[in-house]
Amino acid sequence: MIIIGELINSTRSKVKKAIEDKNEGYIRKLVKLQVEAGANYLDVNSAMTVKKEIEDLKWLIEVIQDETDVKLAIDTPAPEAMEAGIKLCKKPPLMNSITNEGKKEKLIKIAKEYNTELIALPLGSKKGLPVNLEDRLNEAKIILGDLEKEGINQDKIYLDVLILGIGSNPSGGRTAIQMAGECKKEFPGIKIIGGLSNISFGLPDRKLLNRVFLAMMIEAGLDGAIIDPSDKDLMETIIASEAITGRDKYCKSYIKYMRGKK
Amino acid sequence: MSLLEELKIQVEEGMEDEALELTKKAIDDGINPKEILDDALISAMKNLGEKYSSGEIYVPEMLMSANAMKLCMDILRPKLIEAKVKPVGKCVIGTVKDDLHDIGQNLVSTMLEGAGFEVYNLGSDVSTDEFLNSIKEKQPHILALSAMLTTTMLQMEVIIKTLKEEAMRDKVKVIIGGAPITPDFAREIGADGYGKDATEAVEMAKKLLSNR
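Residues numbered from 1 in each chain as written. Chains lettered and ligands numbered in written order. Predicted model: local features only at pLDDT ≥ 70, side-chain atom pairs only at ≥ 80, totals over all residues. Heavy atoms only, no water.

Regarding its fold elements, chain B presents 9 helices and 5 strands. Along chain B, helices and strands appear, N-terminal first, in the series α-α-α-α-β-α-β-α-β-α-β-α-β-α. Over its C-alpha trace chain B gives a radius of gyration of 17 Å, about what one expects of a compact globule, namely 17 Å for 212 residues. Viewed in the frame of its principal axes, chain B has a C-alpha envelope of about 55 × 35 × 30 Å. Evaluated residue by residue, chain B yields a buried proportion of 51% over its 212 residues. When the accessible surface of chain B is summed, it comes to about 9,800 Å², and 50% of that surface belongs to carbon and sulfur atoms. (Helix = DSSP H or I, 4+ residues; strand = E, 2+ residues; numbered from the N terminus. Rg over C-alpha atoms; globule rule 2.2 N^0.38 Å. Buried < 20%, exposed > 50% of the residue type's maximum accessible area, 1.4 Å probe, protein only. Areas by Shrake-Rupley, 256 points an atom, 1.4 Å probe, with all protein chains shown as cover.)

The next subject is the sheet that holds strand 2 (residues 41–44) of chain A. Residues and elements named next belong to chain A. Pairing is parallel in the closed barrel, where 8 strands are placed in the order 1-2-3-4-5-6-7-8. Going across the sheet, the axis of each strand differs from the next one's by a mean of 25°, ignoring polarity. By the bridge criterion, 2 bridges tie strand 1 (residues 2–5) to strand 2 in an arrangement that is parallel. Considered in strand 2, the bridge of Ile4 is made with Tyr41. Where helix 5 (residues 104–114) meets the sheet, its contacts fall on strand 4 (94–98) and strand 5 (117–120), and the angle it forms with strand 4 comes to roughly 165°. (Pairing = 2+ DSSP bridges. Axes fitted to C-alpha atoms, helices over the stretch in contact; angles between N-to-C directions. Contact = heavy atoms within 4.5 Å.)

Looking now at a negative patch on the surface. A contiguous patch of negative charge on the surface is contributed by Asp129, Glu130, Glu165 and Glu166 of chain B. The topology assignment puts Glu165 of chain B in helix 7 (residues 154–165). (Patch = residues over 30% accessible without salt bridge, like charges linked within 9 Å, V, L, I, M, F, W, Y side chains within 5 Å. Salt bridge = Lys/Arg side-chain N within 4 Å of Asp/Glu carboxyl O. Lys, Arg positive; Asp, Glu negative; His and termini not counted. Charge placed at Lys NZ, Arg CZ, Asp CG, Glu CD.)

Moving on, we come to the interface of chain B and chain A. Quite often, the size of an interface is put as the accessible area lost when its parts meet. The interface of chain B with chain A comprises 19 residues on the first partner and 20 residues on the second. The junction of chain B with chain A conceals about 1,600 Å² of combined surface from both sides, 66% of it contributed by carbon and sulfur atoms. Among the residues of chain B in contact with chain A, Tyr58, Leu100 and Thr150 of chain B are the three that bury the most area, contributing 33% of the side total. Taken together, the links from chain B to chain A amount to 0 salt bridges. Inspection of the chain B/chain A interface yields 1 residue pair in polar contact (both at pLDDT 80 or more). Mapped by element, the contributors of at least two residues to the side of chain B that touches chain A are helix 4 (59–82) and helix 7 of chain B. Take the side of chain B that touches chain A: its biggest share by element is 3 residues, from helix 4 of chain B. (Buried area = accessible area lost by both parts, 1.4 Å probe. Polar contact = N/O pair within 3.5 Å; in protein donor to acceptor, adjacent residues only side chain to side chain.)

What follows covers the layout of surface pockets. All names here are of chain B. In this structure, the second largest pocket spans a volume of roughly 390 Å³. What lines the second largest pocket is a set of 21 residues, among which Val85, Lys86, Pro87, Gly116 and Glu118 lie closest to the centre. For the lining of the second largest pocket, the per-class residue count stands at 11 nonpolar, 3 polar and 7 charged. (1 Å grid on protein atoms, 1.4 Å probe; cavity = no way out; pocket = protein on both sides within 12 Å on 5 of 7 lines; lining within 4 Å. Points joined across faces, edges and corners; volume = space filled by probe spheres on them. Nonpolar A, V, L, I, M, F, W, Y, C, P; charged D, E, K, R; others polar.)

Let us look at the environment of Lys256 of chain A. Residues and elements named next belong to chain A. When you line up the elements, Lys256 lands in helix 10 (residues 252–261). Exposure remark for Lys256: the relative accessible area of 65% places this residue in the exposed category. Taking the C-alpha atoms as reference points, Lys256 and Gly172, separated by 84 residues in sequence, lie 35 Å from one another.

Residues and elements named next belong to chain B. Taken as a whole and judged by the stated rule, the model has 1 cavity of 30 Å³ or more. In this structure, the largest cavity encloses a volume near 110 Å³. The wall of the largest cavity is formed by Ile42, Met45, Lys46, Met111, Gly114, Ala115, Thr199, Val202, Glu203 and Lys206. Counting only elements with at least two residues in the lining of the largest cavity, the list comes to helix 3 (33–53), helix 5 (103–114) and helix 9 (198–210). Among the elements that line the lining of the largest cavity, the one with the most residues is helix 9, at 4 residues.

Our focus in this paragraph is the packing of aromatic side chains. All names here are of chain A. Using the criterion set out here, one finds 1 aromatic pair over all chains in the structure. Just above the ring of Trp59 sits the side chain of Lys22; from NZ or CZ to the centre is 5.1 Å. Against the face of Tyr158 rests Lys191, its NZ or CZ located 4.9 Å from the ring centre. (Phe/Tyr/Trp six-rings, centres within 6.5 Å; stacked < 30°, edge-to-face > 60°. Lys NZ or Arg CZ within 6 Å of the ring centre and 35° of its normal.)

Here it is in structure tokens:
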């Protein structure tokens with residue numbers, strides 16, 4: 001499972017404050033916490049500081065790269081911020097994200113120029129969020145078609161299935177699970193991911209819902225998730241789910257993990 | 001228990017069918033539509049808002065009640081018009097351009113209606129021009145803007161600037177809300193008010209009306 005650590009995000013108030021105060025120590029702590037917990041990528045988002053997004057993004061990237069070699073996921077829909085961020089990355093990062101909205105062409109151009117990986121989000125060709133499976137698959141086809149036309153290699157593409165909260169949309173969980181399964185079949189070379197914690201918005205005991213949902217998504221074919229890797233229960237759910245669904249041969253990783261725990 | 005008390009409880013519990021039946025009954029019994037609105041619906045939404053703000057109830061419960069109230073409003077609205085009950089104010093509401101999120105915005109819209117406003121809900125991904133045209137046509141007291149993304153929230157500033165350019169800024173009070181919005185941001189872009197949730201948004205709208 002590919003883990004994209006979600007903690008360095010300016011929509012979290014502590015991170016926003018750390019960015020404003022240029023508090024390197026706090027950012028470094030979040031880097032260490034996520035890397036030690038097994039993150040394969042670290043998401044970097046400075047969008048909440050609005051007019052200073054690019055400046056703050058650069059600062060974050062420099063602090064993070066001073067602390068770790070783990071790849072970054074640059075989290076912004078703004079092409080200017082994306083390019084400024086990518087330029088600073090020592091390793092080609094993961095672009096988070098490209099949708100079917102107007103900025104698509106610019107972002108694809110950047111992905112090609114800097115040879116980055118990218119997250120494609122299936123929305124934006126029509127008004128409104130694609131709530132049902134059919135609309136969502138259609139959005140995925142459009143964006144994957146464009147990426148193919150532009151010669152972007154499949155192994156560089158992560159498709160986000162789009163996860164909407166069950167609190168406001170009772171079919172949000174089921175649609176995401178079905179979407180993961182359908183995409184696995186329809187687009188076999190593409191990695192399927194999702195921003196997991198959306199599922200539980202506005203509900204009590206969110207962590208329980210996140211864990212159970214993640215287990216179901218893994219069975220449906222999820223390849224990666226944008227999560228908090230320092231949530232030990234959640235990480236254990238991944239290890240157990242991979243063993244159960246036959247992704248962990250001889251249950252090797254599961255056994256190794258449990259032995260290490262003692 | 002009086003009919004209106006019962007109706008209030010059913011709305012609070014989110015019981016759509018029961019609430020609708022009781023509203024019909026209240027109308028048939030000749031209860032003043034204004035009383036049905038004030039004593040049952042508005043009062044129910046007020047309680048719910050407080051419970052939601054304090055964390056006692058959750059998003060789905062809030063939506064369930066909002067839907068029940070919407071159904072009741074649909075049959076009550078013509079009666080209110082017949083009885084010449086004036087709305088407390090007019091409001092145009094929508095999610096800004098390039099932003100597809102409408103759940104929060106719809107909730108605020110229903111709550112405003114429940115609070116006695118005449119609401120024009122423009123939906124999501126609404127352009128500045130669409131907002132401006134709607135303001136010209138409906139002449140609302142309040143313009144309520146929603147954004148769920150840090151990128152689209154900047155559209156709110158564009159809308160306020162355009163209102164100034166078009167010499168329309170003093171015609172309408174602007175309130176804003178949505179996940180990334182902060183009171184600081186509202187101040188910075190020159191909005192008149194901010195609501196951290198649907199209840200606060202309604203309170204703010206009412207406050208701005210009374211300051212007129």
